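Summary of structural features
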Amino acid sequence: MATSYYLKRYPTAISGTIFTFMGFLPVWICLGTGESLKDSILFYLTSLVSFPGVIMAGMSLSFLMIGLALLWCTGRVIRCRLNDHGIHYVPLAPLPDRPALFGDILRVLFGTTLRPRLALIPYEDIADIQVRGDRRKGFNLYVQRKSSGLPERLHTLTTLSEPQLRDIQQRVRARL
């Protein structure tokens, strides 16, 4: 019986919309000068011949690709999964067996990679789990392992709401 917890939809959708708008910004600027849509797109394409035009096109295409990727991932960025083995969560640092070629860039843009590898904390290694914080600063999930003894904050779960964190806490405590 696996339960998954995902990143909220609206921040990802808002970011994707802003990046997509920024990707189309040169076309919108050309439209603002009174040109038709066809003329503004042709002006934009002909401006790619010069050096500043290539830089502008590269930036706008980058923004457009980032925006569309964010809109495509809306509601599908996983943060945590509970199953019979333990807590699977997205670690903040890359896993040792995975090369971090573009991982850092994707983690900055999306908060995680598009298909993250989840780290596992088995139920047998959990001594205690707590939700700490307040409404002003936000809530955090702390897991105390039997092996280390110190509470470990699961950083990537701060994007989850308080009821979701309390639900994780109750489900894990029921398994202990």
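Residues numbered from 1 in each chain as written. Predicted model: local features only at pLDDT ≥ 70, side-chain atom pairs only at ≥ 80, totals over all residues. Heavy atoms only, no water.

Considerations on a nonpolar patch on the surface
- Together, Tyr10, Ile14, Ile18, Phe21, Met22, Phe24, Leu25, Trp28 and Ile29 line one region of the surface with nonpolar side chains, adding up to about 890 Å² of accessible area.
- Residue assignment for the nonpolar patch shows that the elements contributing at least two residues are helix H1 (9-23) and helix H2 (25-32).
- Ranked by residue count, the leading element in the nonpolar patch is H1, at 5 residues.
- Its location among the elements puts tryptophan 28 in helix H2. (Patch = residues over 30% accessible without salt bridge, like charges linked within 9 Å, V, L, I, M, F, W, Y side chains within 5 Å. Areas by Shrake-Rupley, 256 points an atom, 1.4 Å probe, with all protein chains shown as cover. Salt bridge = Lys/Arg side-chain N within 4 Å of Asp/Glu carboxyl O. Helix = DSSP H or I, 4+ residues; strand = E, 2+ residues; numbered from the N terminus.)

Some points on the packing of aromatic side chains
- Using the criterion set out here, one finds 1 aromatic pair in the structure.
- Between arginine 132 and the ring centre of tyrosine 142, over which it is positioned, the NZ or CZ distance is 4.4 Å. (Phe/Tyr/Trp six-rings, centres within 6.5 Å; stacked < 30°, edge-to-face > 60°. Lys NZ or Arg CZ within 6 Å of the ring centre and 35° of its normal.)

Focus: the side chain of asparagine 140
- Relative to the elements of secondary structure, asparagine 140 occurs in strand S6 (residues 138-145).
- With sequence-adjacent residues up to four places away left out, asparagine 140 is seen in contact with Gln130, Val131, Arg132, Arg153, Thr158 and Leu165. (Contact = heavy atoms within 4.5 Å.)

Concerning the side chain of threonine 3
- Summarising the element assignment, threonine 3 is placed in strand S1 (residues 3-6).
- Within polar-contact distance, the side chain of threonine 3 engages the side chain of arginine 171 at 3.2 Å.
- Look past the residues within four positions of threonine 3 in its chain and what remains in contact with it is Cys80, Arg81, Leu82 and Arg171. (Polar contact = N/O pair within 3.5 Å; in protein donor to acceptor, adjacent residues only side chain to side chain.)

Comments concerning H2
- Restricting attention to buried positions, one finds in H2 the residues Pro26, Val27 and Cys30. Within H2, the buried residues cover an arc of 100° as seen down the axis, which keeps them to one side. Those residues of H2 that are exposed and angled more than 90 degrees off the buried face are Ile29 and Gly32. (Buried < 20%, exposed > 50% of the residue type's maximum accessible area, 1.4 Å probe, protein only. Arc of directions from axis to C-beta.)

Description of the pairing of strand S3 (residues 86-89)
- Sheet topology note: the strand S2 (residues 78-82)/S3 ladder contains 3 bridges and is antiparallel. Paired with cysteine 80 across the strands is tyrosine 89, a residue of S3.
- In sequence, S2 turns back onto S3 through a hairpin of 3 residues.
- In this sheet, strand S4 (residues 119-122) lies alongside S3 in antiparallel orientation, the contact comprising 4 bridges. Bridging across to S4, glycine 86 finds its partner in proline 122. (Pairing = 2+ DSSP bridges.)

Overview of the sheet that holds S6
- In space, the 3 strands of this open sheet follow the order S5-S6-S7, with antiparallel pairing throughout. For this open sheet the edge positions go to strand S5 (126-134) and strand S7 (151-153), each flanked by a neighbour on one side alone. Direction aside, the axes of adjacent strands within the sheet are offset by 30° on average. (Axes fitted to C-alpha atoms, helices over the stretch in contact; angles between N-to-C directions.)

Considerations on the pattern of salt bridges
- The final tally for this structure, using the stated rule, is 7 salt bridges.
- Two residues, arginine 171 and aspartate 167, come together in a salt bridge whose shortest N-O distance is 3.1 Å. In this pair, arginine 171 and aspartate 167 both sit in helix H6 (residues 162-175), 4 residues apart, roughly one turn of the helix.
- Looking at arginine 171, the relative accessible area reads 33%, which means it is partly exposed.
- With a relative accessible area of 23%, aspartate 167 lands in the partly exposed category.
- Members of the salt-bridge network, linked through shared partners, are Asp125, Arg145 and Glu152.

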